[in-house]
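# Descriptive structure summary
Next come the chains, spelled out residue by residue.
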Amino acid sequence: MNWFTYIKAATERLVAIRGISPSEEENLVASKILELLYEDGIEALYTASGFDPIANDPYGRKNVYAFLRGQRAETLILLGHFDTVDTADYGDLESLSLDPGALALHIDELLAPGTRLEGERSNWLFGRGAGDMKSGVAVNIALMRHLAERSRSEALPFSVLLIATADEENESAGVLQAVHFLTRWREERQLHYLGVLNTDYASALYPGDPHRYIYAGTVGKLLPSFLCIGRESHVGAPFGGLDANLLAAELIRDFSMNDALSDSGKGQTTVPPVTLHSTDLKQQYDVQLPFAAYFYLNVLTLTSSPAELLQRLRERSELILEQLLRRVEDTERRWRRATGLPDEVEARKGCVLSYAELYADVVAQLGEESVHEELEQTWQKLPVRLDKRERSLQLVRRLWSLSRRRGPAVVIYYAPPYYPHVPESEGLLAEAVRAVVEAHPEQHLIQREFFPLLSDISYLQLDANMDIAALTANMPVWQDAEEEPSRPGAYSLPLSLIQQLQLPVFNWGVHGRGAHQRDEAVQMPYSFEVLPQLLAEVFQALEERLR
């Protein structure tokens, strides 16, 4: 197979199909992947292949799989996702966002001023999903077709399973479905999984970086959320209340882009937290102070548990709230002096609570059954497709109203999604990857532990020592995976199945840039020619170790 020619064409065909997550459009991409796997009459070469529908999915989406049974039960998994983020960021070029050929004529408009591409411009293929990660899926398709053709003349030395997933850019519903699929197939087909090769894009870490990176684990993510309760008042008497936006702003100022909240481990450090959403909760204009606001914070993890992060954020929130209230008191004193009024000011008090603490407080007042009924009524009134962050907020607001408390206050809770961080693990796949890396010094390959971007591979291994009790107790929409029936809008993870799988994971993917930006692109010479050959050599190295 001519790797470059095939993978470039397959990438362009996949990019041409709009597949924004979450939407029914993702199914169009899934169908194209299966078509590419089957082309030239090789469908019958696969031991099994087809679609795996995502259970209870409101969009009816499905994963794609193809399986080649080898001589042994040992099985290598090739993984990739085929959904993308929206294309609105392309602005007046949005109509071209799925056409790499057309975008090639507008590279200067795509790139930010002063941006320099690695190597020749003609080496880059632009378009939504070109890097993240339809090109990676195309690499997996090419590898699978190559192995299928080989199986015509000889049985493969071990088994290979390709899985292409939906929804990675949203809540990873596709890979969570794959967890059930992999568990079922391991039992039904008596397979032994060697591990996972994910081909999501990696990029240069600094200008002029000549290296190509392989990752033996991945960062995790938590989404701590903050309901900020101020106190209502007329804008003409602001000292009688507290602007909830001010409280939220002070917390955001301290949290967002604060490297003191970065997580470190094994020589790597995550990027600082950033907010993903912030708003007050007023629905119309009036002259009342906003007395409720909320925001949520994207926090990446390498070692921190949900409990550790919650405690860290609680302590900082308590300090920020205290400082804000003292500042408002000082401001009121100065204002009183300036207007000739007595400068005696009543001390302001506030509190910071976790969702679990607020829940326990309300249960102590009203009883468990009453609180459950109230929250259930709130849940049922909300639209089925309501965003889970919004559903979480409405449940926390209802619980706060039941508490009969008054602000100022901050309620900290977790909203979906949760991505566990995954450390590297040893095994035959790790040995094979190292062997190929060592054999190719000319490619400047470097293996690191944590893939720095969010990835589906977070859900294929779970540290047995990870305590997620603080997560589940503080996530209003959490539902245990074993609990039936599944509630519309609930969030659950098959934690026990993930721990049973406990798969070694590697991200060795295409070389790209600008994911989720209008200058998203994949570097073709490495990604379409060098990478598939290196991954084929990993297959050979595994074959040698299994003899």
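For the structure itself, consult the block above.
Residues numbered from 1 in each chain as written. Predicted model: local features only at pLDDT ≥ 70, side-chain atom pairs only at ≥ 80, totals over all residues. Heavy atoms only, no water.

## Quick word on the nonpolar core
Quick note on the threshold: Within this scheme, the nonpolar core is defined by two criteria: the residues are buried Ala, Val, Leu, Ile, Met, Phe, Trp, Tyr or Cys, and they are joined through side-chain atoms within 4.5 Å. Residue burial is assigned from relative accessible area. The probe radius is 1.4 Å, only protein chains are included, and a residue is buried under 20% of its type maximum, exposed over 50%, and partly exposed in between. We call two residues in contact whenever any of their non-hydrogen atoms come within 4.5 Å of each other.
Counting residues in hydrophobic clusters, the biggest one holds 91 residues, and the most contacted among them are Leu182, Trp185, Phe226, Leu227 and Leu460. Excluding residues that lie within four positions of it along the chain, Leu460 makes contacts with Leu79, Val175, Val179, Leu182, Val196, Ile498, Leu501, Gln502, Leu503 and Val505. Listed in part, the 71 residues of the second largest apolar core include Tyr38, Phe82, Phe158 and Phe528.

## Quick notes on the packing of helix 2 (residues 26-38) against helix 5 (residues 130-150)
For the record, the criterion: Axis definition: a line fitted to C-alpha atoms, over the contacting stretch in the case of helices. Angles run 0 to 180 degrees between N-to-C directions. For helices the rule is a DSSP run of H or I covering at least 4 residues; for strands it is a run of E covering at least 2, with both sets numbered from the N terminus onward. In what follows, roughly perpendicular refers to angles from 65 to 115 degrees, roughly parallel to angles under 35, roughly antiparallel to angles over 145, and oblique to any angle outside these ranges. Should the near helix be turned anticlockwise from the far one by less than a right angle, the crossing is termed left-handed; should it be turned clockwise, right-handed. Under the scheme applied here, ten amino acids are nonpolar (Ala, Val, Leu, Ile, Met, Phe, Trp, Tyr, Cys and Pro), four are charged (Asp, Glu, Lys and Arg), and all others, including Gly, are polar.
Close contact between helix 2 and helix 5 brings their axes to 9 Å; oriented N to C, the two are set at 30 degrees. Classified by the angle between their axes, helix 2 and helix 5 sit roughly parallel to one another. Like other packed secondary-structure pairs, helix 2 and helix 5 cross with a definite hand, here right-handed. Across the interface between the two elements, Val29, Ile33, Leu36, Leu37 and Tyr38 of helix 2 pack against Lys134, Val137, Ile141, Met144 and Arg145 of helix 5. Considered class by class, the residues forming the contact of helix 2 with helix 5 number eight nonpolar, no polar and two charged.

## Concerning the pairing of strand 13 (residues 292-301)
Here is the rule: Strand pairing is defined by DSSP finding a minimum of two bridges between the two strands.
Along strand 13, 10 of the 10 residues are buried, which leaves the element largely enclosed by surrounding structure. Burial along strand 13 is two-sided: the face carrying Ala292, Tyr294, Tyr296, Asn298 and Leu300 and the face carrying Ala293, Phe295, Leu297, Val299 and Thr301 are both buried. In the sheet, strand 8 (residues 220-222) pairs with strand 13 via three bridges, with the strands oriented antiparallel. Of the residues in strand 13, the one forming a bridge with Leu222 is Val299. For strand 9 (residues 224-229) and strand 13, the ladder comprises five bridges, and the chain directions are antiparallel. Within strand 13, the position partnered with Phe226 by the bridge is Phe295. As paired strands, strand 12 (residues 274-280) and strand 13 are joined by six bridges and run antiparallel to one another. Looking across to strand 13, one finds that Ser278 is bridged to Phe295.

## A few points about the pairing of strand 3 (residues 74-81)
Strand 3 sits mainly inside the fold: eight of its eight residues count as buried. Residues Glu74, Leu76, Leu78 and Gly80 line one face of strand 3 and the alternating positions Thr75, Ile77, Leu79 and His81 line the opposite face, and both faces are buried. Of the strand pairs in this sheet, strand 3 and strand 6 (residues 192-198) are connected by six bridges, and their pairing is parallel. In the strand pairing of strand 6, Ile77 is matched with Val196.

## Observations regarding a negative patch on the surface
To keep things clear, this is the line we draw: Without a salt bridge and with relative accessible area above 30%, a residue can belong to a patch; like charges are then joined within 9 Å and nonpolar side chains (Val, Leu, Ile, Met, Phe, Trp, Tyr) within 5 Å. Areas reported as accessible are Shrake-Rupley estimates using a 1.4 Å probe. Residue values count occlusion only from the protein chains shown. We count a salt bridge whenever a side-chain nitrogen from Lys or Arg sits within 4 Å of a carboxyl oxygen from Asp or Glu. His is not counted here, nor are the chain ends, while Lys and Arg score as positive and Asp and Glu score as negative. Here the site of a charge means NZ on Lys, CZ on Arg, CG on Asp, or CD on Glu.
On the surface, a cluster of negative charge is made up of Asp480, Glu482, Glu483 and Glu484. Residue placement: Asp480 occurs in the loop between helix 13 (469-473) and helix 14 (495-501).

## Topic: helix 15 (residues 524-545)
The condition that has to hold: Expected helix span is taken as 1.5 Å per residue step, with the number of steps being one fewer than the number of residues. Within 3.5 Å is the distance limit for a polar contact, defined as a pair of N or O atoms, with the added protein rule that one can donate a hydrogen and the other accept it, and that residues adjacent in sequence qualify only through two side-chain atoms.
Under the 1.5 Å per step criterion, the end-to-end length of helix 15 is 31 Å for 22 residues, consistent within 8% with the ideal 32 Å. Where helix 15 begins, one side-chain oxygen reaches toward the backbone nitrogen of Tyr526, 3.0 Å away; that side chain belongs to Gln523.

## With respect to the packing of aromatic side chains
Stated precisely, the cut-off is as follows: Each pair of aromatic rings taken from Phe, Tyr and Trp, with Trp reduced to its six-membered ring, is defined by centres within 6.5 Å and is described as stacked if the planes are under 30 degrees apart, edge-to-face if over 60, and tilted in the remaining cases. Whether a charge sits over a ring comes down to the Lys NZ or Arg CZ being within 6 Å of the ring centre and within 35 degrees of the ring normal.
Evaluated as defined, the whole model comprises 17 aromatic pairs. The interplanar angle of 40 degrees and the centroid separation of 6.3 Å between the aromatic rings of Tyr38 and Tyr46 together place this pair among those described as tilted. Judged by relative accessible area, Tyr46 falls into the buried class, the value being 6%. Geometrically, the ring pair formed by Phe239 and Trp335 is tilted, given 5.5 Å between the ring centres and 40 degrees between the ring planes. Of this pair, Phe239 sits in the loop between strand 9 and helix 7 (244-255) while Trp335 sits in helix 8 (residues 306-338), and the two are 96 residues apart along the sequence. Of the aromatic side chains, those joined through ring pairs into one cluster are Tyr65, Phe67, Phe181 and Trp185. Directly above the ring of Tyr526 sits Arg212, whose terminal nitrogen or CZ lies 5.4 Å from the centroid.

## Thoughts on a nonpolar patch on the surface
Together, Val235, Tyr285 and Val287 give the surface a local cluster of nonpolar side chains, amounting to about 330 Å² of exposed area. Within the secondary structure, Tyr285 sits in the loop between strand 12 and strand 13. We classify Tyr285 as exposed; its relative accessible area is 75%.

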